[in-house]
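Structural characterization, general
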Amino acid sequence: MNRFCRTLAGLLALLVSGTAHAQTSYPDRPVKIIVPIGPGGSYDLVGRHVADALSKRMGQAFVVENKPGAGTVVGTQAASQSEPDGYTLVVGGLSNMAFNSALYSKLGYDPRKDFVPVALVYRFGYVMVGRKDLPHSKLADIVAAAKANPGSISVATAGVGTGQQLVAAAFMKAAGVKFLEVPYKGSPPAFTDLLAGRIDLFFDSMAAGLPYVQSGQARGIAVLSSKRSPLAPDVPTMSEAGVPGLDVDSWLGIFAPAKTPPDVTAKLRREIRAALPELKERFEKSGGEPWDLPDDKLDAFVASEYENWTKLIREAGIKLD
């Protein structure tokens with residue numbers, strides 16, 4: 001019996017030792033970060049900067065794989081079906097972790113059940129810009145005109161289900177107005193018509209919109225964030241301009257398939273957090289800022305964003321299928 005106990009104890013010690021080794025050796029081979037859009041754009045920016053930082057810090061290659069299709073659906077679904085071992089991660093944001101569930105009646109993944117947030121690292125605000133000869137110079141005047149004559153003011157959208165369209169929908173709901181929505185295939189053609197005076201308003205990221213405000217080609221009406229942007233300190237926030245409670249920040253981070261070992265997730269979180277200071281300048285140059293949301297708030301925040309945006313999309317009747 002004593003010999004059996006000693007043998008069992010030895011086997012348990014080997015098992016524990018092997019498990020500990022497996023935990024501490026992660027990653028022992030290249031890690032793939034799926035970016036569910038093509039090269040360029042904020043998802044790609046976050047994926048490549050985080051991959052570069054983790055490769056340097058963890059002594060193993062973190063490789064970006066762009067996997068576009070159906071917006072962000074194809075790449076995200078592929079990530080959801082991968083082995084939950086920490087060797088396949090995905091860049092997640094509002095589009096694939098919140099919007100898609102309401103935009104598609106049949107989605108091949110469930111962001112609430114199929115993923116766990118590793119870290120949210122980047123956020124950026126939106127700005128409401130107007131054509132430079134818009135007769136209404138203040139937000140209060142725009143709201144008053146839209147209420148007096150619904151549909152008389154036009155707003156561009158960058159396509160059905162895009163952040164630009166949904167931010168416009170959020171504004172119209174908060175302000176109690178109805179704009180004439182004019183869809184475009186992306187931001188560039190929308191800005192082309194705005195600058196030419198054919199469209200009244202457009203909501204886009206600060207990185208995309210503020211350069212036109214700074215150059216005088218467009219008018220900055222208000223930023224949809226809790227504080228003014230240092231890039232355009234004269235542009236008020238929505239709350240300051242008369243539409244309180246409309247603080248809209250888009251965010252991006254790294255997600256892992258559900259059931260990824262907690263020790264692997266914890267290690268990734270530590271390394272990503274430690275890398276944020278070196279990513280600060282890169283993120284700020286792109287018009288955003290690094291974001292270090294505490295671990296104990298991650299799940300609740302992502303869940304609340306999912307609930308808030310899916311409710312808005314369904315109430316607005318926006319669908320992609």
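We now turn to the structure provided with this report. None of the values given here were measured: they were computed from a predicted structure.

A few words on the overall build of the protein chain. The secondary structure content of the protein chain amounts to twelve helices and ten strands. Principal-axis analysis of the C-alpha atoms places the extent of the protein chain at approximately 90 × 40 × 30 Å. Across the protein chain, contacts joining residues at least 24 apart in sequence account for 76% of those joining residues at least 6 apart. Approximately 14800 Å² of the protein chain is accessible, and the part contributed by carbon and sulfur atoms is 55%. Measuring between centres, the 35 positive side-chain charges of the protein chain sit 3 Å from its 32 negative side-chain charges.

Here the focus is unusual backbone geometry. Cis geometry is found at the peptide bond from Tyr-26 to Pro-27, where omega equals -5°. Counting through the fold element by element, Pro-27 comes out in the loop between α1 (2–25) and β1 (31–35). At Ala-70, a position not held by glycine, the phi torsion is positive, near 50°. Of note, Ala-70 is situated in the loop between β2 (62–66) and α3 (73–80). Its relative accessible area of 45% is what places Ala-70 among the partly exposed residues. With phi around 75°, Lys-259 is a residue other than glycine that occupies positive phi space. Take Lys-259: it is sitting in the loop between β9 (249–257) and α11 (262–285).

Procedures and definitions
- Residues numbered from 1 in each chain as written.
- Predicted model: local features only at pLDDT ≥ 70, side-chain atom pairs only at ≥ 80, totals over all residues.
- Heavy atoms only, no water.
- Helix = DSSP H or I, 4+ residues; strand = E, 2+ residues; numbered from the N terminus.
- Contact = heavy atoms within 4.5 Å.
- Areas by Shrake-Rupley, 256 points an atom, 1.4 Å probe, with all protein chains shown as cover.
- Lys, Arg positive; Asp, Glu negative; His and termini not counted.
- Charge placed at Lys NZ, Arg CZ, Asp CG, Glu CD.
- Buried < 20%, exposed > 50% of the residue type's maximum accessible area, 1.4 Å probe, protein only.

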